[in-house]
Amino acid sequence: MIYTVTLNPAVDKIIFLDEFIKEKTARIKKTLETLGGKGTHLSIDLKLMDVDNTALGITIGENGKKITQMMESWGVGVRFLHYELQGLESRTNYEIVELNGNVCTMMSERGPMLSSSITDDLIAQIKGLLRADDILVLMGDASNVQDTAIYTELAQVAKQCGAKVILDASGTYLVEGIKSKPYMIKPNFEELCFIAGRELKDEADVVSALESITEIPIVAMTWSGNGAVVKFGSDIYRVYPVKVRPMNEAGCGDAFLAAIIAGQEKGWGREETLKWATSVSGSAVESEITTGFDNDRAMELKLTAKVIKLK
Ligand code: TA6
């Protein structure tokens, strides 16, 4: 079984307007509400690819209940731990989508801090659920947990159970999490620069940064409009972006990661998997909401997808 963990799930409120100009009143064209938090997205994307999985995480208050209901409406198995804490709510993230030029800006709440007794409950739940050969995917913001080694701790639990760990985090949580030597990480370009400890200039620089991460078998670096560069063992692949009508790019990295996991689960070849990954990611960019993607459109885009083995 694949388990996703979202320590800080959210309700994503998406606000569409023509253009955001500082100090000017912006007239809202429409608003939409969907799920936020990277693990929730991964669970939904996997479900859309017919890959069974269960979403774990922590929800709080009425917003937390709403998050669970939204997850269930996508047909995902949910085992969130829910808490009612005086005056506290799972976070809301706000995304502005400027229709002129399709610029997306995410504003993310911190979310209530989780006490160590809550994270202990989660660790106990994971210990009880995980079996050998399961996959534990640790994703997204964890700044609501004081202990920056939380992902390392969860990864160790997984390893003790014989499960694989996939990590998609940022900042200190990423650098700490890497110490547990996960099976796969999915940094974006900025996160790879952070891991490398320097500004990466070009593709060759990216490749050498990926090659220096020898202890992690799969490193998939998503590169926004530039596609992705992915390391499988000592092999490196360049994944080109498919041509799309961009609408909302939030969530496309989650779709990319989901496709790689799906490819591994279904036993597809690497190039086939990466073509699917860039296609679902492209389909997610065309969607108004931050969650999910259109399967038919992804299939259509896959006909144009280009992947090259660099090394
Ligand atoms: O990847 C997109 C997205 O999941 C958004 O929908 C938004 O909720 C945000 O990222 C959350 O990411 P975070 O790293 O804060 O958990």
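Residues numbered from 1 in each chain as written. Predicted model: local features only at pLDDT ≥ 70, side-chain atom pairs only at ≥ 80, totals over all residues. Heavy atoms only, no water.

**Student:** Would you explain the overall build of the chain in this entry?
**Tutor:** From N to C terminus, the chain includes 10 helices and 15 strands. Here the C-alpha atoms of the chain give a radius of gyration of 19 Å, agreeing with the 19 Å that 2.2 N^0.38 yields for 311 residues. With respect to the principal axes defined by its C-alpha atoms, the chain has extents near 55 × 55 × 40 Å. Within the chain, the proportion of its 311 residues that are buried is 54%. Distance between charge centroids for the chain: 3 Å, based on 34 positive and 43 negative side chains. (Helix = DSSP H or I, 4+ residues; strand = E, 2+ residues; numbered from the N terminus. Rg over C-alpha atoms; globule rule 2.2 N^0.38 Å. Buried < 20%, exposed > 50% of the residue type's maximum accessible area, 1.4 Å probe, protein only. Lys, Arg positive; Asp, Glu negative; His and termini not counted. Charge placed at Lys NZ, Arg CZ, Asp CG, Glu CD.)

**Student:** How should the packing of aromatic side chains be read in this particular structure?
**Tutor:** For any two aromatic rings, the description comes down to two numbers: the centre-to-centre distance and the angle of the planes. Using the criterion set out here, one finds three aromatic pairs in the structure. Ring centres of Phe232 and Tyr237 lie 5.8 Å apart, and the angle between their planes is 85°; this geometry places the pair in the edge-to-face category. Here Tyr237 falls in the buried class, since its relative accessible area comes to 5%. Over the ring of Tyr183 we find Lys164, and its NZ or CZ is 4.2 Å from the ring centre. Here the basic side chain of Arg238 rests over the ring of Tyr240, its NZ or CZ set 4.8 Å away from the ring centre. (Phe/Tyr/Trp six-rings, centres within 6.5 Å; stacked < 30°, edge-to-face > 60°. Lys NZ or Arg CZ within 6 Å of the ring centre and 35° of its normal.)

**Student:** Sorry, what's going on with the pattern of salt bridges here?
**Tutor:** Any two side chains of opposite charge can pair, on the condition that their charged atoms come close. On inspection of all chains with the given rule, the structure shows 17 salt bridges. In this structure, the salt-bridge partner of Arg238 is Glu203, at a minimum N-O distance of 2.9 Å. In this pair, Arg238 is assigned in strand β14 (residues 235–239) and Glu203 in helix α7 (residues 203–211), connecting sequence segments 35 residues apart. Owing to a relative accessible area of 28%, Glu203 belongs among the partly exposed residues under this scheme. Between Glu300 and Arg297 there is a salt bridge; the shortest N-O distance is 3.2 Å. Taken together, the positions of Glu300 and Arg297, both in helix α10 (residues 295–302) and three residues apart, correspond to about one turn of that helix. (Salt bridge = Lys/Arg side-chain N within 4 Å of Asp/Glu carboxyl O.)

**Student:** What should I look at first to understand the pairing of β14 in this one?
**Tutor:** Residues in a regular strand point their side chains to alternate faces of the sheet. With four of five residues buried, β14 is to be regarded as a mostly interior element. Where strand β13 (residues 228–232) meets β14, five bridges bridge the pair, whose relative direction is antiparallel. Residue pairing in the sheet places Phe232 in a bridge with Asp235 of β14. With antiparallel pairing between neighbouring strands as the criterion, β13 and β14 make up a hairpin whose turn holds two residues, including Gly233 at a positive phi of roughly 60°. Bridge count for β14 against strand β15 (residues 307–309) is three bridges, and the pairing is antiparallel. The partner of Arg238 across the bridge, within β15, is Ile308. (Pairing = 2+ DSSP bridges.)

**Student:** Hey, could you run me through the nonpolar core in this one?
**Tutor:** Most often, soluble globular proteins keep nonpolar side chains buried together rather than apart. Ranked by internal contacts, the top residues of the largest apolar core, which has 48 residues, are Val5, Ile126, Leu138, Tyr151, Leu154 and Val206. The residues contacting Leu138, other than those within four sequence positions of it, are Val5, Tyr151, Leu154, Ala155, Val165, Ile166, Leu167 and Asp168. Judged by nonpolar contacts, the second largest core, of 35 residues, contains Val137, Met139, Ala220 and Ala284. (Core = buried A, V, L, I, M, F, W, Y, C linked by side-chain atoms within 4.5 Å. Contact = heavy atoms within 4.5 Å.)

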